[in-house]
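The primary structure of each chain is shown beneath.
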Amino acid sequence: MPTETGFPKSRTPIVSASLDQANFRAIPGCPVLHGGATFYRCRNLFSPSPALRLIIKESRIKAVIDLRVEKEIASFPDDLSFLEENGILYKNCPIHDILHCGNTEVLSEDLFLDYQDILLGHTEEVRSVFQALAFLSKPVLFHCNAGKDRTGVIALLLEDLLGVDRQGKRQDYEKTERNRWAMRKGGLPDHSKNLPDVFLHATGETIEKTMALLERLGGAKTYLLSTGVAEAELENIKRGE
């Protein structure tokens, strides 16, 4: 029986630790396809470990959505040869948030303000991501650099759309905090070395504020419809088609 990461429970602790370094996991509440999840999240795919390569193959990933911007991709590109060899489509849907593309001083050491900027200031980019999630062959894996911020916001929207409860959404977000040191140990290319330490964490307070904002916006379905995502596209996502 697959676990939340897609690996059977018989997998060794060494493999599980390697997947923690990749911040890899299935999106809770997503439809099941061929015995596995339809949507996954992780860190970038620059020099993926053997364990990550294996789980991507075993999860039958058909498409990868890269949420990073051009300068990040130029420095640490996904392993396109690996993707191509395994028939996996690569699609770039960049999100130009403040943390990675703006003046971080305006965030006042509050990471929630970056997530707020994504939801309120980058609706066209969010729409592009969800249209890709709707129409790409499943399963789909999406990621940014660490799989924490842009990935976290997209995951939150997806989970809310799929009916995951508040606790489930918070627990999924906070897994990145638990994986943070494993990712560093695993050599994650870090674009955040000069940022205040607060921006490197994935705390309950940050996701609680973001969930409250999403509730004020009417929830994921209302919000995504307002960005221009069609209701039929949302239904595709919910069915995993």
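In short, a report on the structure.

Rules and cut-offs
- Every chain is numbered independently, its residues counted from 1 as its sequence is written.
- Reporting in this predicted model follows two pLDDT cut-offs: at least 70 for local features of residues, and 80 or more for side-chain atom pairs to be given and counted; totals over whole chains, interfaces and linings ignore these cut-offs and use all residues.
- Water and hydrogen atoms were dropped before computing side-chain values, which therefore reflect all heavy atoms in the structure.
- When DSSP finds two or more bridges between a pair of strands, those strands are recorded as paired.
- Comment: elements are numbered from the N terminus, with helices defined as DSSP H or I runs of at least four residues and strands as E runs of at least two.
- Here a salt bridge means any side-chain nitrogen of Lys or Arg lying within 4 Å of a carboxyl oxygen belonging to Asp or Glu.
- Only protein chains enter the calculation, and the probe is 1.4 Å; a residue is then buried if its accessible area is under 20% of its type maximum, exposed if over 50%, and partly exposed in between.
- Any pair of Phe, Tyr and Trp rings, taking the six-membered ring for Trp, is counted once the centres come within 6.5 Å. Such a pair is stacked with planes under 30 degrees apart, edge-to-face with planes over 60 apart, and tilted for the rest.
- Our arc is simply the arc of the directions from the helix axis toward the C-beta atoms.
- Contacts between residues were defined by any pair of non-hydrogen atoms, one from each residue, lying within 4.5 Å.

## Observations regarding the sheet that holds strand 5 (residues 63–66)
Part 1 of the reasoning: Taken in spatial order, the 5 strands of this open sheet run 1-4-7-5-6, and their pairing is mixed. Looking at strand neighbours, the two that pair on one side only are strand 1 (25–26) and strand 6 (89–92), the edges of this open sheet.
Part 2 of the reasoning: Across 2 bridges, the pairing between strand 1 and strand 4 (residues 39–42) is antiparallel. Bridge pairing in strand 4 places Ala 26 opposite Tyr 40.

## A closer look at the pattern of salt bridges
Part 1 of the reasoning: Enumeration over the complete set of coordinates arrives at 18 salt bridges.
Part 2 of the reasoning: The shortest N-O distance in the salt bridge between Glu 174 and Arg 170 comes to 3.3 Å. Taken together, the positions of Glu 174 and Arg 170, both in helix 9 (residues 166–185) and 4 residues apart, correspond to about one turn of that helix.
Part 3 of the reasoning: Assessed through its relative accessible area of 29%, Arg 170 is described here as partly exposed.

## A short note on the packing of aromatic side chains
Part 1 of the reasoning: Here the structure, examined in full by the defined rule, presents 3 aromatic pairs.
Part 2 of the reasoning: On the basis of an interplanar angle of 20° and a centroid distance of 5.2 Å, the ring pair of Phe 24 and Tyr 40 is categorised as stacked. Taken together, the residues span a long stretch of sequence, with Phe 24 in the loop between helix 1 (13–22) and strand 1 and Tyr 40 in strand 4 at a distance of 16 residues.
Part 3 of the reasoning: Given the relative accessible area of 3%, Phe 24 is considered buried.
Part 4 of the reasoning: Since its relative accessible area comes to 2%, Tyr 40 is described here as buried.
Part 5 of the reasoning: Ring plane angle 75° and centroid distance 5.2 Å describe the contact between Phe 46 and Phe 76, whose orientation is recorded as edge-to-face. With Phe 46 in the loop between strand 4 and helix 2 (50–58) and Phe 76 in the loop between helix 3 (70–75) and helix 4 (80–85), this residue pair connects regions lying 30 residues apart in the sequence.

## Examining helix 11 (residues 219–227)
Part 1 of the reasoning: Of all the residues in helix 11, the buried ones are Gly 219, Ala 220, Tyr 223, Leu 224 and Thr 227. Buried residues of helix 11, seen end-on, are gathered within an arc of 150° and therefore sit on one face of the element.
Part 2 of the reasoning: Considering only its buried residues, helix 11 is in contact with helix 6 (112–121), helix 7 (123–135), helix 8 (150–161), helix 10 (204–216) and helix 12 (231–239).
Part 3 of the reasoning: Of the residues trailing helix 11, Gly 228 is marked for its positive phi of about 110°.

## Side note on the environment of Gly 168
Part 1 of the reasoning: Residue placement: Gly 168 occurs in helix 9.
Part 2 of the reasoning: Residue classification places Gly 168 among the buried residues on the basis of a relative accessible area of 16%.
Part 3 of the reasoning: Spatially, the C-alpha atom of Gly 168 lies 7.4 Å from that of Pro 28, the residues being 140 residues apart in sequence.

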